[in-house]
Amino acid sequence: MTLVFNNLRKQYGANVAINDVSTDFAPGLIYGVIGPNGAGKSTLINMTAGSYTVSAGSISLDGRRLDGMKKHQIANSGIARTYQNIRLFDQMTVLENLEVCAYPAEVRNVWREVLWPPYGRARAAARRESAMEILRFFGLEGHADAEAGSLPYGRQRMLEIARALAMNPRVLLLDEPAAGLNHHETAELTAKLAELRSPERIMLVVEHDMDLVMTLCDRIVVMHHGKLLFQGTPAEVQASSDVQLAYLGTDNDIDDIRAAAQDRRAQLGIRARRRS
Amino acid sequence: MSNTSTSPSVKPQASRLVAVLVLAAIVALAAATPFLPNYHIRVVNSLLIYILLGIGLNIVIGYTGLLDLGFVAFYAVGAYTYALLASPQLDLHLPFLLIVGIAAVLGMITGILLGIPVLKLRGDYLAIVTLGFGEIIRIVINNVDWLTGGPKGIARLDKASILGVEIARPVEIYWLLLVTVFLVGLFVWRLERSILGKAWAAIREDQDAARGIGINTTNAKLAAFATSATIGAIAGTIFAASQRFVSPESFTLQESVLIVLMIVIGGIGNILGIVAGAAILILLPEVLREFAEWRILFLGILMVVLIIVRPAGIVPRTFGPEKLIRGLFGK
Ligand SMILES: Nc1ncnc2c1ncn2[C@@H]1O[C@H](COP(=O)(O)OP(=O)(O)OP(=O)(O)O)[C@@H](O)[C@H]1O
Ligand SMILES: [Mg+2]
């Protein structure tokens, strides 16, 4: 089972955001997607998840074309995502944010659920239990009945990943999960994400935090100006002078890449604090 | 909400007291109504019809977050279904319950038909287009004289009867409405808490993210339009059976706006809020009847004050029937 990009292209008017990207992703591995601002990382996620249409080329999972499907159909084919700017169901509780993911599987029995209370109670209890299990994994069980929008920023990031996980996805796409998190939260997140690695699951993590990427990811995809610049193991990426050039415009070493990422993280931190 | 469950002693008792008071007031009012003069029973009946309409429209506005200003169309569909199938107009005299069933199906179909073209619209655009639909249905009724009697309406509707029991006097209509409001309220409340209700809430919060978790928003929204319209049509049949007369005047834009106001003032997305909103907007004008021309001004001021003081409505979204029951049994 693999996720395949074939000559993928995305254009906004004259602006080419993704330019002829072909690659594939194998289950069991965590892929880091890195690259400077505007490189096209989010665009890749948005096209895969069906938020944006594909201008040319194709995306397929297990040989099944995803491009052209409706967004909810893509989600139901096993693709789950988080957003660069958190998008939770703010006025629903933390628990409900996860429970609602059962909709595609359970909606066909909704009249039975409404009209036959014992069945309704059983379904509600089952949904609650599987949601609680995921919340416990992310240390959110104490917030189960809080409104999602009222959580602190770092918890909201965790909840968004938890919600994606509640879909029991085969492909998990995370767009800057560590953006705006402090050191402690980032470490916690890295540990959690490492636990999510599973033989059936493809994970793509778009991230500017190089510590996270280098410790967590098995493979790294480097994007630059919409092109796939380099693909390899963390060690190979660190050794590549192309990558350093792309990131900094100079031929410095990986420490400078780190410094640039830290800088950006500080900026995001300010944004996050303003948000909450 | 969450503070009630986390903060220890004080809150549960307070919410229990509120629960007992609210329930006592509702039960007392419901039990006293049959002993009131007919005029007052009619006022309570009109209150119950508006509660029914509010419960229906709230599915679309409160749960799903779609501002629908044409709800009165479905109310009219129900009322005219009864008027045509139980009057000398076509010389048809079908039994009441059968007509309720037919009206429910017709309401559902019109709900879906009017829902399909507006699926892609939200906010102001949706409000304006649905407003147009409401007006179109009223204008059509006004103009197909041969069927609907035009502006004159249809008179001499049959008295309703269920299993041989006649339901025509205000107090009989009252019991019918009370049972209907209870059953519909229970149904909708369970719907709200079902997986479909949660999907509606997700669409309200962020439609695109809702699609992202696999919700077919087209189907979920059509289900909301359909259930809402069905309830509107059922309310319409009872309304027609109680007035025994229908005319287009009863189905103006003003009615739609009144129902939206009930929901907004009472507390959007909450069945108890609708009861509160309807009580204020239907009963208060009656209480203030003596003040004649000052009445509208007074209501206007009250509304402005309420919207400033409680922008989310009188009853918070979280204080639903569940809270009442929990409060009562101290769970
Ligand atoms: N909705 C859009 N409309 C027009 N242009 C867009 C849109 N989204 C992205 N772009 C453009 O596409 C290019 C790639 O953007 P993208 O968001 O994918 O970058 P990114 O790698 O995620 O950057 P960042 O690290 O800042 O998140 C940029 O030039 C951006 O301006
Ligand atoms: Mg991005």
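Quick caveat, the model's predicted, so the values are computed rather than measured. The numbers attached to residues start from 1 for each chain and follow its sequence in the written order. The lettering of chains begins at A and the numbering of ligands begins at 1, in the order of writing. This being a predicted model, a pLDDT of at least 70 is required before a residue's local features are given, and a value of 80 or more before pairs of side-chain atoms are given or counted; all residues contribute to the totals for chains, interfaces and linings. With hydrogens and water excluded, all non-hydrogen atoms of the structure serve as input to the side-chain values.

Q: Talk me through the overall build of chain B; I want residue IDs and the actual numbers.
A: A tally of helices and strands in chain B yields 15 helices and four strands. Based on C-alpha atoms, the radius of gyration is set beside the globule rule, defined as 2.2 Å times the residue count to the power 0.38. Relative to the 2.2 N^0.38 estimate, which gives 20 Å for 331 residues, the radius of gyration of chain B is 20 Å and therefore close to what a compact globule would have. Its C-alpha atoms put chain B at 65 × 50 × 45 Å along the principal axes. Pairs of residues are marked as contacts when any of their non-hydrogen atoms sit within 4.5 Å. By sequence separation, contacts in chain B at least 24 residues apart represent 77% of the contacts at least 6 residues apart. Summed over its atoms, the accessible surface of chain B is roughly 15,100 Å², and 70% of this surface lies on carbon and sulfur atoms. Secondary structure elements follow DSSP: runs of H or I no shorter than four residues count as helices, runs of E no shorter than two count as strands, and numbering proceeds from the N terminus. Reported accessibility uses the Shrake-Rupley method at a 1.4 Å probe radius. Residues are deemed covered only where the shown protein chains occlude them.

Q: Can you explain the overall build of chain A? Please cite residues and give values.
A: The number of helices and strands found in chain A is twelve helices and ten strands. Exposed residues in this analysis have more than 50% of their type's maximum accessible area, buried residues have under 20%, and partly exposed residues fall in between, with area computed by a 1.4 Å probe over protein chains only. Looking at chain A as a whole, 52% of its 276 residues qualify as buried. Counted over contacts in chain A with a minimum sequence separation of 6, partners at least 24 positions apart contribute 66%.

Q: Lay out the sheet that holds strand 9 (residues 219–224) of chain A with the relevant residues and their values.
A: Residue and element names in this part refer to chain A. Here we have six strands laid out as an open sheet, ordered 6-7-8-3-9-10, and mixed in their pairing. Of all the strands in the sheet, the pair left with one neighbour each is strand 6 (79–81) and strand 10 (227–232). Looking at each pair of strands side by side, their axes are set apart by 20° on average, direction ignored. When strand 9 meets strand 10, the two strands line up antiparallel, connected through five bridges. From the neighbouring strand, M223 faces strand 10, where its bridge partner is L228. Pairing between strands is defined by DSSP: at least two bridges between the two strands are required. The convention used is that axes are lines fitted to C-alpha atoms, helices contributing only their stretch in contact, and that angles between N-to-C directions extend from 0 to 180 degrees.

Q: Mind laying out the interface of chain B and chain A, listing which residues take part and the relevant values?
A: Counting from both sides, the interface comprises 28 residues of chain B and, opposite them, 37 residues of chain A. Both sides of the chain B and chain A interface together cover about 2,700 Å² of buried area, and 67% of this is carbon and sulfur. Any Lys or Arg side-chain nitrogen found within 4 Å of a carboxyl oxygen on Asp or Glu counts as a salt bridge. The tally of links between chain B and chain A comes to four salt bridges. Salt-bridge contacts for A:E99 lead to B:K198; the nearest nitrogen and oxygen are separated by 3.9 Å. Summed over both partners, the accessible area lost on bringing two parts together, with a 1.4 Å probe, is the buried area.

Q: Pulling in residues and values, what's your account of the site of ligand 1?
A: Residue and element names in this part refer to chain A. What makes a residue near a molecule or strand is one non-hydrogen atom of that residue sitting within 4 Å of it. Around ligand 1 sit 16 residues in total, of which G38, K41, S42, T43 and Q84 are the nearest. Pairs of N or O atoms are called polar contacts if they sit within 3.5 Å, as long as, within protein, a hydrogen donor faces a hydrogen acceptor (for residues adjacent in sequence, only side-chain-to-side-chain pairs). In this structure, an oxygen atom belonging to ligand 1 sits 3.5 Å away from a side-chain N or O atom of N15. G38 places a polar main-chain atom, nitrogen or oxygen, 2.8 Å from an oxygen atom of ligand 1. Relative to its unbound accessible area of 630 Å², ligand 1 is 66% covered by the protein chains. At the level of elements, strand 2 (15–25) and helix 1 (41–48) are the ones that each hand at least two residues to the shell around ligand 1. Broken down by element, the shell around ligand 1 gets its largest block of residues, three residues, from helix 1. Polar here means any residue outside two lists: the nonpolar Ala, Val, Leu, Ile, Met, Phe, Trp, Tyr, Cys and Pro, and the charged Asp, Glu, Lys and Arg; Gly therefore counts as polar. When its residues are assigned to classes, the shell around ligand 1 shows five nonpolar, eight polar and three charged.

Q: Go over the coordination of the magnesium ion (ligand 2) with me, naming the residues and quoting the values.
A: Residues and elements named next belong to chain A. The protein atoms that coordinate the magnesium ion (ligand 2) are S42 (OG) and Q84 (OE1), at distances spanning 1.9 to 2.0 Å. Note that S42 is positioned in helix 1 and Q84 in the loop between strand 6 and helix 3 (94–99), a separation of 42 residues in sequence. Under the relative-accessibility criterion, Q84 is labelled partly exposed at 25%. Metal-coordinating donors are taken as N, O and S atoms lying within 2.8 Å of the metal, or within 3.2 Å when the metal is Na, K or Ca; because water is left out, some sites can appear incomplete.

Q: Tell me about the environment of A:L216, residues and numbers included.
A: All names here are of chain A. Relative to the helices and strands, L216 is located in helix 9 (residues 210–216). Separated by 185 residues in the primary sequence, L216 and Y31 place their C-alpha atoms 8.7 Å from one another. In contact with L216, not counting residues within four places along its chain, are I30, T190, L193, A194, R197 and V205.

Q: Please provide a residue-by-residue account of the confidence of the model for chain B, values included.
A: Residue and element names in this part refer to chain B. Confidence scores labelled pLDDT are given residue by residue by the predictor and lie between 0 and 100. The predicted model of chain B has a mean per-residue pLDDT of 88, with 94% of residues at 70 or higher. Predicted confidence in chain B is weakest over helix 1 (residues 2–6), with a mean pLDDT of 39, and strongest over helix 11 (residues 217–243), with 97. Low confidence marks residues 1–10, where pLDDT is under 50. Its contacts with residues over four positions away, or in another chain, come to twelve contacts. Interface scoring of the predicted complex returns ipTM 0.89; its pTM is 0.90.

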